[in-house]
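Now for the letters of each chain:
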Amino acid sequence: MTAQMSQPTPTLFFETVTAYQRSEAIKSAIELDLFSAIGEGNHTAAQIAVRCQASERGARILCDYLTMIGFLTKDGNSYRLTQDSAVFLDRRSPAYLGGALEFMLSDHIIESFRNLTDAVRQGGTATPDEGSLTPEHPVWVKFARAMAPMMRPVAVAIAQLIDPEANRKLKILDIAASHGLFGIAFATRNPRVEIVGVDWANVLELSKENAKAAGVANHHSTISGSAFEVDYGSGYDVVLLTNFLHHFDPPTNESLLRKVHAALAEGGRAVTLEFLPNDDRVSPQGVAGFSLTMLAGTPSGDAYTFAEFEEMFKNAGFAKSELHEIPPAIQQLIVSQK
């Protein structure tokens, strides 16, 4: 017997068209501090409403929606946090990610997607001034502050992988240093580490603050300006390229990587954290979809496969590149040897 073919359904269409409601629901929950309220023991809509200074009806409907999409559980009239929500959305958690919305749902990011049709037509961002790549763009200060909690455990994992013994002298160049946590993670483990951070001057103020807070300010210096234009110096054992190369096309990346290669000491390593889709470019879903973010927000950026990065590093003079998983990040790490 021939199996009956499934009937077409508009479900995916409607779920996609209304996906903005999910973003607005999580944004409202963060603004109301709803997840912290439930984590503190307020479980009914009435209790949550009092704690969040909201109406009971509003709290009930929002909590039901958050339950429906997987952020809460519900038993009778009682709401509870899921494991993920307790770790990432309760403000009292050290892994709290609510602050990331300040960047991820910022007007600048949303506006780039409102112009997506034009970006598809022209092959790059349709926002003014080449999107977020203009010098000293204030969005990167917002990015640095918002994304630091998400990157802290990743930074620690990278430092442990690259400098497992944490006892030898290392000179580290941190390109597009942002919050500075990737370099700082090395210095807090190893007192013989010297960090040089490169970024726009307005962003570097935050990395300086973080270095001071971590007690490694004496091991931290900065170079302000474009990574493509400033003089790095030389003799680096490690150059960090975290969440940076996806903003540019391969020829631009290769020009930067040749500069990185020249700045490395013999045997030095370039350490690159990136979103790496599989060769089919449509999996894994969350990573592969990053290409659309680059189309909307940059003139020529992309989510490159490991093979594409391997070719870029080879063309820039690197001997070999190796791929590493870095839990809990969805990104992967490329370690390229001079």
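Scroll up to find the structure.
Residues numbered from 1 in each chain as written. Predicted model: local features only at pLDDT ≥ 70, side-chain atom pairs only at ≥ 80, totals over all residues. Heavy atoms only, no water.

### A few points about the pairing of strand E7 (residues 264-274)
Phase 1 of the analysis: Burial within E7 is extensive, with eight of its eleven residues counted as buried.
Phase 2 of the analysis: Summarising the sheet, strand E6 (residues 236-242) and E7 pair through six bridges and their orientation is parallel. In the strand pairing of E7, Val238 is matched with Arg269.
Phase 3 of the analysis: For the crossover from E6 across helix H13 (residues 250-263) to E7, the handedness is right-handed. (Buried < 20%, exposed > 50% of the residue type's maximum accessible area, 1.4 Å probe, protein only. Helix = DSSP H or I, 4+ residues; strand = E, 2+ residues; numbered from the N terminus. Pairing = 2+ DSSP bridges. Right-handed = clockwise from strand over helix to strand, strands pointing away.)

### Some points on the pattern of salt bridges
Phase 1 of the analysis: Following the criterion strictly, the structure yields twelve salt bridges and no others.
Phase 2 of the analysis: Of the charged contacts, one joins Asp33 and Arg51 as a salt bridge, the two residues approaching to 3.1 Å between their closest N and O atoms. A residue pair is termed long-range when its members are at least 10 positions apart, and Asp33 in the loop between helix H2 (20-32) and helix H3 (34-39) and Arg51 in helix H4 (residues 45-52) qualify at 18 residues.
Phase 3 of the analysis: Between Asp302 and Arg281 there is a salt bridge, with the nearest N and O atoms lying 3.2 Å from each other. With Asp302 in the loop between helix H15 (290-297) and helix H16 (306-315) and Arg281 in the loop between E7 and helix H14 (285-288), this pair connects stretches of sequence that are 21 residues apart.
Phase 4 of the analysis: Overall, the relative accessible area of 25% leaves Asp302 in the partly exposed class.
Phase 5 of the analysis: A cluster of three or more residues bridged by salt bridges with shared partners is formed by Asp33, Glu40, Arg51 and Arg91. (Salt bridge = Lys/Arg side-chain N within 4 Å of Asp/Glu carboxyl O.)

### Comments concerning unusual backbone geometry
Excluding glycine, residues mostly carry a negative phi; peptide bonds, for their part, are mostly trans.
Phase 1 of the analysis: Note that the residue after Ser283, namely Pro284, is joined by a cis bond; omega there is -15°.
Phase 2 of the analysis: With respect to the element layout, Pro284 can be found in the loop between E7 and H14.

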